[in-house]
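Understanding the architecture of this molecule
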Amino acid sequence: MKVAFILRKFPVLSETFIIDQIVGLLERGFSVDIYSLFKSHKQNTHLLVRKHDLLERTHFPPVACSERAKLRLLKAPQLFFQSAVPVEIQLRSLNSLKYGRQALFLNLLYFSSMLSHRPRYDILHCHFGMYGLIGVDLRDLGLISGKVVTSFHGMDVNSYPKNAGKDVYNRLFQKGEIFTVNSHFTARKLNELGCPENCISILPAGVDLDRFQDYSRQRPYDKTTKVLSVGRLVECKGLEFGIEAVSRLKKHHPALEYWIVGDGPRYDQLKLLIDSLDAGHYVKLLGAKSQEDLKQIYRDAQIFILPSIVGSDGAEEGQGLVLLEAQSSGLPVITTKIGGIPESIVDGETGFLVPQKDSNALAEKLNFLISHPERCQQLGARGRGFVEEKFGQDRLICQLEGIYREMIEDD
């Protein structure tokens, strides 16, 4: 079976679930090509990208697409000379009355430039709703063929429709075939946007259980307590509440440290908060890390927290994949009761749920776990079992394969 992945940027460290999905399909004998609007500046930082030569399978526009709209517009005329796609089709891709924002922001034009050979696929798998629109529009232009599967993850059902309008996906819902979501929460949000319920399939992002091993019984709890968060430094991760909670406990637990892995636009704000609390010696902003580095960080930590909030732009966790990675590593987790997060832990058995934006409640649960290391080990061991049962990568790739095959058989 031939599958094309249509993506915004590839590879992205924070989207390892896409890399895992591609690799899982390759290992099952699928033929996979990747079409990406943007080139990542960190293309070779993921072991699986190198191991499976994924960049050799990846197509980018012949003229690099800039993330800055003005520069993208200035460079666009070059596509008419450097792309072998007929000019009339390129001009049709600019029809914003028909293709909306994807034409207006030239996304469709840049994607069109990769497809002069008009490839035929069984499946076009588009990650994030905006790129599902690209998939059906490229097919409408006659540049590519295949059944369109669109995977929604969170921001594409929350903040994006808030900016682009609730009807932004109407064209996709009419022309796409199947829509996968990572949680029942995301399914409800997608249905509210107008997606037919019978076209939605729940397919969570999975975890490679070999990559994230269970360290619950090996982890020492008699020295420094290392609290860990992993995620982009953006508003909806609520990391300031994690910093405040840890700073409240420091005088009672002098050996406490807080590691934050990730980068993003709120780095300076978080650094200012850390400095204002005189917490720089125990709260560390570690930046983005490779999956190989992250495995060791999960092993060295004792407690994982994800203090996510509903952002002012409507952004909300669709699943919370890092919670599954942490539990797979045998870490107890503390997180918030928003979005799809409650589907990713078992409250009281693999970790604890607390209200969002409540650093006192977060500190209370942290204090309990620090004071009861035996509970950390119990919760961590149960967390590993929970992930094995519901979120193992192999199981979910098999489910995805089943979705593909059912679509082809229905043809």
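Before going into details, it helps to say that this report is about the structure given with it. (Residues numbered from 1 in each chain as written. Predicted model: local features only at pLDDT ≥ 70, side-chain atom pairs only at ≥ 80, totals over all residues. Heavy atoms only, no water.)

1. Regarding a nonpolar patch on the surface
Going by this rule: Each patch is built from residues lacking any salt bridge and having more than 30% relative accessible area; the joining distance is 9 Å for like charges and 5 Å for nonpolar side chains (Val, Leu, Ile, Met, Phe, Trp, Tyr). Here the open area of atoms and residues is found with the Shrake-Rupley method and a 1.4 Å probe, where only the protein chains shown may cover a residue. Salt bridges are counted wherever a side-chain nitrogen of Lys or Arg sits within 4 Å of a carboxyl oxygen of Asp or Glu. A run of H or I in DSSP counts as a helix once it spans at least four residues, and a run of E counts as a strand once it spans at least two, with each numbered from the N terminus.
Residues Val 87, Leu 91 and Leu 94 make up a contiguous nonpolar surface patch of roughly 230 Å² in combined accessible area. Mapped onto the secondary structure, Leu 91 falls in helix α5 (residues 87–92).

2. Details of the pairing of strand β2 (residues 31–39)
If a strand is regular, its side chains alternate between the two faces of the sheet. Our working rule: The buried label goes to any residue with under 20% of its type's maximum accessible area, the exposed label to any with over 50%, and the partly exposed label to all in between, with areas taken from a 1.4 Å probe on protein chains only. DSSP bridges decide pairing: two strands pair if at least two such bridges lie between them. Orienting the strands away from the viewer, one traces the path from the first strand over the helix to the second; a clockwise path indicates a right-handed crossover.
For β2, the buried fraction is high: seven of the nine residues fall into the buried class. With eight bridges connecting them, strand β1 (residues 2–10) and β2 associate as parallel partners. What sits directly across from Phe 10, in β2, is Lys 39. In this region the chain leaves β1, passes through helix α1 (residues 16–27) and returns to the parallel neighbour β2; the handedness of that crossover is right-handed. In terms of strand pairing, β2 meets strand β3 (residues 58–59) through two bridges, oriented parallel. Its bridge partner being in β3, Ile 34 is matched across the sheet by Thr 58.

3. Description of unusual backbone geometry
For the bond running from Phe 10 to Pro 11, omega is -10 degrees, close enough to zero to count as cis. With respect to the helices, strands and loops of the structure, Pro 11 is situated in the loop between β1 and α1. Even without being a glycine, Asp 53 presents a positive backbone phi close to 50 degrees. As for its placement among the helices and strands, Asp 53 is situated in the loop between α2 (47–51) and β3. Backbone geometry places Phe 128, a non-glycine residue, at a positive phi of 80 degrees. Relative to the helices and strands, Phe 128 is located in the loop between β4 (120–127) and α9 (129–140).

4. Re the pattern of salt bridges
The full count for this structure, using the stated rule, is 15 salt bridges. In this structure, the salt-bridge partner of Arg 266 is Glu 240, at a minimum N-O distance of 3.8 Å. In this pair, Arg 266 sits in the loop between β9 (256–261) and α14 (267–276) while Glu 240 sits in helix α13 (residues 239–249), placing the two residues 26 residues apart along the sequence. It is possible to trace a salt-bridge network through shared partners that takes in Arg 8, Lys 9 and Glu 67.

5. Concerning the pairing of strand β12 (residues 333–336)
Here β12 shows a buried face lined by Val 333 and Thr 335 and a second buried face lined by Ile 334 and Thr 336. Note that the unit made of strand β11 (residues 303–306), helix α16 (residues 321–328) and β12 has a crossover that is right-handed. Pairing between β12 and strand β13 (residues 351–354): four bridges, direction parallel. Across the sheet, the residue bridging to Val 333 is Gly 351, located in β13.

6. Some thoughts on the sheet that holds β11
Selection criterion: All axes are obtained by fitting lines to C-alpha atoms, using only the stretch in contact for helices, and the reported angles, taken between N-to-C directions, cover 0 to 180 degrees. By the convention used here, residues are in contact when the closest approach between their heavy atoms is within 4.5 Å.
The sheet built from six strands is open, its strands ordered β10-β9-β8-β11-β12-β13 with parallel pairing. The two strands at the open ends of the sheet, each matched to only one other strand, are β10 (283–287) and β13. Taking each pair of neighbouring strands and ignoring which way they run, the sheet shows an average axis angle of 20 degrees. Strands in contact with helix α15 (residues 291–300) are β8 (225–230), β9 and β11; relative to β8, the strand with the most contacts, it is inclined by about 140 degrees. Helix α17 (residues 359–371) contacts β8, β9, β11, β12 and β13 of the sheet and is inclined by roughly 165 degrees relative to β13.

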